[in-house]
Amino acid sequence: MRIRTAVSTVLAMLAAALIAVPQQPPQPAKPVPIGNLQLEGVPLSDVVDSLARQLGMNILVEVNLAAANVTLNTYGEAGNIDARNLLELLLRINGFGLVQEGEIYRIVQIAQLRRLPLSRVTDPNNIPEDDQMMLNLVFLRYITVSEMSTVLGEFTDENTIIRSYQPANLLMILDSRRNMRRLMDLIAQFDSDVFAGQRVRLFELQYALPSEIVKDLEEILKGISLNSETSLLRFLPVDRLNLLIAVAPNPGAFEQVKEWLDRLDKPITITSSVIDTYVYRVLYQRADCLAQALN
């Protein structure tokens, strides 16, 4: 009985001590440099295990890493190579990703990362330049997500996941932080307000009707662009204000539009072959009888 009482007292004191000590959140790991490496066809599982031991990481491997081999030889200065970045890079090259859940780091397929708690950086200018995976939400302002997805698809590899949500003009990108910095710089070049106001130009017509002159302009520009289906410029005629709104991806195209409008927007001249209508007031005869006689 005394032994049970003593054990209970010790457990109570231990529990009180654990409650009294505040639990600190895990601190981010500092960069751990590696030494010179000479790896020739080493299984990826062995390399991951060695790097995880060096980093002091608790890893949970949910994929078959032994099927992939690593060949890595460092002949230069290797003191600046971070072991964590190397681990993330080797995993990503082989289609795997690393995600932290509490004190455990799970190694899964990259396709499964989008369903796991990944870090997200709200400020695109402060994305760390390392190889850790991240999920980024990008709301576009001036370009559509379908067009931007097509552009980004040419500058990413098979491990990058890009999804679009058109109602909000939102891009969801899953990639490494190093690649994300490059993609954000590319997006900033296209989705910029610098040229937004220069892509639209208003042309005021004097003689021609805007809805009529658009047909001639579109046919001319289709021939110039060597595309019989579409042209790079778009037009919106406003007959009520006698205005023609032109939209172009390059502001330099408006000079060509203005040149053709100067040629097409001309007053109509009367020639001898034009049939016109005249009104005569008859003084002494009936108009219907006179019209029959003249016809």
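Every value quoted in this text rests on a predicted model; they were computed, and no experiment measured them. (Residues numbered from 1 in each chain as written. Predicted model: local features only at pLDDT ≥ 70, side-chain atom pairs only at ≥ 80, totals over all residues. Heavy atoms only, no water.)

A. Local environment of the overall build of the chain. In terms of helices and strands, the chain carries nine helices and eleven strands. Here the chain holds 295 residues, and the buried ones make up 32% of them. Accessible surface, the chain as shown: approximately 20,200 Å² in total, 55% of it carbon and sulfur. (Helix = DSSP H or I, 4+ residues; strand = E, 2+ residues; numbered from the N terminus. Buried < 20%, exposed > 50% of the residue type's maximum accessible area, 1.4 Å probe, protein only. Areas by Shrake-Rupley, 256 points an atom, 1.4 Å probe, with all protein chains shown as cover.)

B. Expanded view of the pattern of salt bridges. Taken as a whole and assessed by the stated rule, the structure comprises 13 salt bridges. In this structure, the salt-bridge partner of Glu62 is Arg106, at a minimum N-O distance of 2.5 Å. Here Arg106 lies in strand β5 (residues 104-109) and Glu62 lies in the loop between β2 (58-61) and β3 (69-73), a separation of 44 residues in the sequence. Using a relative accessible area of 37% as the deciding quantity, one classes Glu62 as partly exposed. (Salt bridge = Lys/Arg side-chain N within 4 Å of Asp/Glu carboxyl O.)

C. Fine view of the packing of aromatic side chains. Tallied over the entire structure, the rule returns one aromatic pair. It is Arg263 that lies over the ring of Trp260; its NZ or CZ is 4.8 Å from the centre. (Phe/Tyr/Trp six-rings, centres within 6.5 Å; stacked < 30°, edge-to-face > 60°. Lys NZ or Arg CZ within 6 Å of the ring centre and 35° of its normal.)

D. Region of the structure containing unusual backbone geometry. Positive phi, close to 50°, is recorded for Asn169, a residue that is not glycine. In this fold, Asn169 is placed in the loop between β7 (161-165) and β8 (170-176). You can call Asn169 buried: its relative accessible area is 17%. Its identity is not glycine, yet Asn242 carries a phi of approximately 55°, on the positive side. Examined against the element boundaries, Asn242 turns out to sit in the loop between β10 (234-238) and β11 (243-247).

E. Main features of helix α2 (residues 44-55). Its twelve residues place the ends of α2 16 Å apart at the C-alpha level, agreeing with the 16 Å of an ideal helix rising 1.5 Å per residue. Within α2, burial applies to Leu44, Val47, Val48, Leu51, Ala52 and Leu55. For α2, the buried positions fall inside an angular range of 130° around the axis, keeping them on one side. Buried positions along α2 lie against β1 (38-43), β2, β3, α3 (83-93), β4 (96-101) and β5. Phi turns positive one or two residues past the end of α2, at Gly56, with a value near 70°. (Expected span 1.5 Å × (residues − 1). Arc of directions from axis to C-beta. Contact = heavy atoms within 4.5 Å.)

F. Representation of the sheet that holds β4 within the structure. Strand order in this open sheet of three strands is β2-β5-β4, and the pairing throughout is mixed. Single-partner strands in this sheet number two, and they are β2 and β4. Averaged over all pairs of adjacent strands, the angle between their axes in this sheet comes to 30°, without regard to strand direction. Alignment of β4 against β5, held across six bridges, turns out to be antiparallel. Looking at β5, one finds that Leu98 is bridged to Ile107. The sheet strands contacting α3 are β4 and β5, and the helix crosses β4 at an angle near 130°. (Pairing = 2+ DSSP bridges. Axes fitted to C-alpha atoms, helices over the stretch in contact; angles between N-to-C directions.)

G. Broad picture of the side chain of Asn169. A polar contact of 3.1 Å, which involves the side chain of Asn169, links it to the backbone nitrogen of Val145. Excluding anything up to four places from it in sequence, Asn169 contacts Val138, Phe139, Leu140, Arg141, Ile143, Thr144 and Val145. (Polar contact = N/O pair within 3.5 Å; in protein donor to acceptor, adjacent residues only side chain to side chain.)

H. Up close: the side chain of Asn85. Looking at where Asn85 falls in the secondary structure, it is placed in helix α3. Residue classification places Asn85 among the buried positions, given a relative accessible area of 17%. Leave out the neighbours within four places in its chain, and Asn85 touches Asp130, Asp131 and Arg178.

I. Just the packing of helix α7 (residues 210-224) against helix α8 (residues 253-264), in detail. For the pair α7 and α8, the least separation of the axes is 11 Å and the interaxial angle reads 130°. The angle between α7 and α8 falls in the class oblique. Between α7 and α8 lies a crossing of right-handed hand. Between α7 and α8, the residues in contact are Ile213, Asp216, Leu217, Ile220, Leu221 and Ile224 and Gln256, Trp260, Leu261 and Leu264, respectively. (Parallel < 35°, antiparallel > 145°, perpendicular 65-115°, else oblique. Left-handed = near helix turned anticlockwise from the far one by under 90°.)

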